[in-house]
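# Coordinates in review
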Amino acid sequence: MNIISSPEEASSGDTIIIRSHGESKSFYKRAEELDLNVVDATCPFVARIHELVSDAYKSGKNIVIAGDRNHPEVVGINGWCENSAQIFMSGAEAEKFDKDSAFLVAQTTLTEKIFSDVTASLEKQGVKLEIQNTICSATSERQRSASRLAETVDAMVIIGGKNSSNTQKLYEICKKKQKNSFSVEDIDDLPLKELRKCNTIGIAAGASTPERVIKEVISTMSENITNENNISMADIMEEIDATLSLPRNGDIVTGRVDQVTDNEIIVNMGCKKDGILSVDEISMEEGQKLSDLFHVGDEIKAKVIKTDDNDGGILLSKKRLEVSEHWNEINEAFENKATIDVKVIRPVRGGVIAAYKEVSGFIPLSQLSNKFVENADEFIGQVLSVKIIRIDQRRNRVVFSHKAVLSEERRKQIDEIWETLNVDDIVEGKVMRFTDYGAFVDLGGIDGLLHISEISWGKLKHPTEMLELSQTINVRILSMNREKGKISLGLKQTTPEPWSIIEDKYHPGQIISGEVVQLKEYGAFVEIEPGLDGLVHISEVANKRVLNIADELKVGQKIKAKILGIDTERHRISLSIKEALNDGESFDIDDDDSETSSGSCDITSRDTDSEDDKVSAKSDESDAPSASNDETTADETAADETAAQENEPVSSEESSVSEDAVTSGESEEAEKSVEEPAKSDEEASTSDDDKEKESEEAVALLEDGENFCDVYGGC
């Protein structure tokens, strides 16, 4: 291997190695023309200066280099602007600059003091400066450390080549602080005699000093110098090894920011190489710049992702470090079953990708909501609270669930609602959906069942007869079963039970309006209001004999009737249409073909369905009660016997009507509707007492529970 000063000294096909100081642009061009193989060992920081100067020169800027004009590094830098740069080694030299603006760079091994002097001199002249502090951070830190160390020891040994600029600058810096400073190139230069007089010896080395030479010098000093303070040289060697060794991939390192640009941060890690933290390896919000987040002198922690970027630097990443920290947070959340927030990034097959800081995970469609999700597009860009349901850090996989959070919140909400509810409370709810047997009402997060029988005091076929979807209603809590999660509600209980206030609204002799709701052979049920029904007996339908009540009335027909009597204890109301007609009242009939009718009877509420509603004709005819105190006519036997005497057979319908008249005690109406046959003397002599007794027996039939149910139902 030979040392050459120009490409022409090599032959075609030869391999040349460019030292760390770098070369001019023309050198590379000439080497290419001569077909030379170039191995570029230029320091990455020097190479960066080449790029900065080249770009600035192309932009028409005036280049100024702070440094030694004869130093090979400065010569190389000047070669990237066609040797047009002005070079100053002091503030006094900088006073010769005669331009209005300048692009300022520095020799990497220059001291901070010289660079500051040159900068101050140019600013004093009013020069508009664009400053790039390109002093190598490792060199700068080494110089500061050496200066501090020189103040605390009895002697300083600076190891490095006699021609090494940074080594000589170290020596000059230490010499100012400690007069017993020695510059040595190898063990032959060691002043052992002088060093034996010292108790403490400081050691520094130039950036380009081989590690082998450093260890040789230290080992020789260890063997030849007695350490009165019993400080182990092995410990010193260990400390030096620490400064010489480089971090490995994946190591977490701490350093100090030496320089901040638009694209990267230079980090001094206290070793022979500086760290390079690219803008791509830093998490920033939109619009942020590196200078907004980091400043020179800031301490920074990062993860090593590459120990050599081919330019001599160590590539660092804060993102990778954050990812490691974020994985720790995810693991902790998983163990503690804690909730974290993630941002939905994009849809994928079967779900979405969501990010927790710098860690991406998967949310299946089934875990996006507590409801069915067909399309995940609506969730893109949203921030969701999630639980971690599966994790595999080794494969960088984590599965999140938003549904688990919603379910937990739902449980808490339900628990809170249960704590606030009590039986008999009246609460506000919203009708959510209907069934044939009732409606479900939302009580603010929990549903209760409003059974159809609890909606109205009257009888309903379907809840939609009184309720609408989304309708807000007040309901009473009838029962609660927390274990089964069931609440029974009542709507009718929020209003007075009709029979409890009937005396305030109705009285005998009052004309009321109602609707026919049910027809029986013995009469018609009329709804006065929900929960209050009256019975118009067939004999009180019209001022004539009625054989078939369906010929006079129909279900749904609106009528007017007079209240004949109210029994609040047994919940019975007797009505009469004909009495209302006799009083001059009129009423509307829905069917033009139907005729005006009237009647009377006792009544019970029709709140519940019962088999007792199925009234047998026989029971109706035999047990129908008297709705008034009128005297009864002769019994069915007397009527049949009289008819037989007249040779006029009695029809079954007439027999039924006659029987109704007898059992109801309406003898006068029976005589009007059926031509009364001649009575025998025995029949005619029936005393009033016997008639009254017969009427009382008819009423007694009504008081029999079974007959009462047969007639009115609802038992």
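Keep in mind the model is a prediction, meaning the values are calculated, not measured. (Residues numbered from 1 in each chain as written. Predicted model: local features only at pLDDT ≥ 70, side-chain atom pairs only at ≥ 80, totals over all residues. Heavy atoms only, no water.)

## Observations regarding the overall build of the protein chain
Broken down by element type, the protein chain carries 22 helices and 29 strands. Expressed as a percentage of the 715 residues in the protein chain, the buried residues total 43%. In the structure as shown, the protein chain presents an accessible area of about 38000 Å², 44% of it carried by carbon and sulfur atoms. (Helix = DSSP H or I, 4+ residues; strand = E, 2+ residues; numbered from the N terminus. Buried < 20%, exposed > 50% of the residue type's maximum accessible area, 1.4 Å probe, protein only. Areas by Shrake-Rupley, 256 points an atom, 1.4 Å probe, with all protein chains shown as cover.)

## Details of helix α9 (residues 211–224)
Taking 1.5 Å of rise per residue, the 14 residues of α9 would be expected to cover 20 Å, and the 20 Å separating its terminal C-alpha atoms lies within 8% of that figure. When we look at burial in α9, the residues that qualify are V213, I214, V217, I218, T220 and M221. One side of α9 holds all its buried residues, which, seen down the axis, span an arc of 160 degrees. When the buried face of α9 is taken as reference, the exposed residues oriented beyond 90 degrees from it are R212 and E223. (Expected span 1.5 Å × (residues − 1). Arc of directions from axis to C-beta.)

## Considerations on the nonpolar core
One broad rule of soluble globular proteins: the nonpolar side chains tend to lie buried together. Of all hydrophobic cores here, the largest spans 22 residues; its most connected members are I573 and L575. At the level of secondary structure, the elements contributing two or more residues to this core comprise β25 (511–520), β26 (523–529), β27 (532–537), β28 (558–567) and β29 (572–576). (Core = buried A, V, L, I, M, F, W, Y, C linked by side-chain atoms within 4.5 Å.)

## Let's talk about the sheet that holds β25
Read around the barrel, five strands follow the order β25-β26-β27-β29-β28 and close on themselves; strand pairing throughout is mixed. Each adjacent strand pair in this sheet contributes to an overall mean axis angle of 50 degrees, direction not counted. (Pairing = 2+ DSSP bridges. Axes fitted to C-alpha atoms, helices over the stretch in contact; angles between N-to-C directions.)

## Focus: the pattern of salt bridges
Following the criterion strictly, the structure yields 18 salt bridges and no others. Here E151 and K177 are joined by a salt bridge, their closest N and O atoms 3.2 Å apart. In this pair, E151 sits in the loop between α6 (137–150) and β7 (155–159) while K177 sits in helix α7 (residues 165–177), placing the two residues 26 residues apart along the sequence. Given a relative accessible area of 42%, K177 falls into the partly exposed group. The shortest N-O distance in the salt bridge between E529 and K505 comes to 2.8 Å. With E529 in strand β26 and K505 in helix α14 (residues 502–505), the pair connects residues that are 24 residues apart, well separated along the chain. One salt-bridge network, in which partners are shared between bridges, spans E8, R30 and E33. (Salt bridge = Lys/Arg side-chain N within 4 Å of Asp/Glu carboxyl O.)

## Looking at a nonpolar patch on the surface
Where nonpolar side chains cluster on the molecular surface, the patch consists of M1, I17 and V39 and spans about 390 Å² of accessible area. Along the polypeptide, M1 turns up in the segment before β1 (15–18). (Patch = residues over 30% accessible without salt bridge, like charges linked within 9 Å, V, L, I, M, F, W, Y side chains within 5 Å.)

## Let's talk about the packing of aromatic side chains
One pass over the structure, following the stated rule, counts three aromatic pairs. Pairing Y28 with W80 gives two aromatic rings, centres 6.0 Å apart and planes at 55 degrees, and the pair type is tilted. Placement of the pair is Y28 in helix α1 (residues 25–33) and W80 in the loop between α3 (72–78) and β4 (86–88), with a sequence separation of 52 residues. Between F88 and F97, the ring centres sit 6.4 Å apart and the planes meet at 85 degrees, which makes this aromatic pair edge-to-face. Taken together through their ring pairs, the aromatic side chains of F27, Y28 and W80 make up a single cluster. A cation over a ring is seen here: R433 above F440, with NZ or CZ 4.1 Å from the ring centre. (Phe/Tyr/Trp six-rings, centres within 6.5 Å; stacked < 30°, edge-to-face > 60°. Lys NZ or Arg CZ within 6 Å of the ring centre and 35° of its normal.)

## What about the environment of A56?
Residue position: A56 is located in helix α2 (residues 44–58). A relative accessible area of 4% means that A56 is categorised as buried. With sequence-adjacent residues up to four places away left out, A56 is seen in contact with K61, I63 and F103. (Contact = heavy atoms within 4.5 Å.)

## A word on the confidence of the model for the protein chain
A low pLDDT score tells you not to read the predicted coordinates there in detail. The predicted model of the protein chain averages 78 in pLDDT, with 78% of residues at 70 or higher. Low confidence marks residues 587–715, where pLDDT is under 50. Its contacts with residues over four positions away, or in another chain, come to 251 contacts. (pLDDT = per-residue confidence, 0-100.)

## Some points on helix α13 (residues 402–420)
Taking 1.5 Å of rise per residue, 19 residues should cover 27 Å, and α13 covers 27 Å from first to last C-alpha, within 8% of that figure. Those residues of α13 that sit buried are H402, V405, I417 and W418. Where α13 is buried, its residues meet β18 (383–392), β19 (397–401), β23 (472–481) and β24 (486–490). Taking the backbone nitrogen of K403 as reference, a side-chain oxygen 3.5 Å away marks S401 as the first, capping residue of α13. (Polar contact = N/O pair within 3.5 Å; in protein donor to acceptor, adjacent residues only side chain to side chain.)

## Points about unusual backbone geometry
For K357, which is not glycine, the phi dihedral falls at a positive 55 degrees. Tracing the backbone through its elements, the reader meets K357 in the loop between β16 (351–356) and β17 (359–364). Positive phi is not limited to glycine here, since S470 has a value of about 70 degrees.

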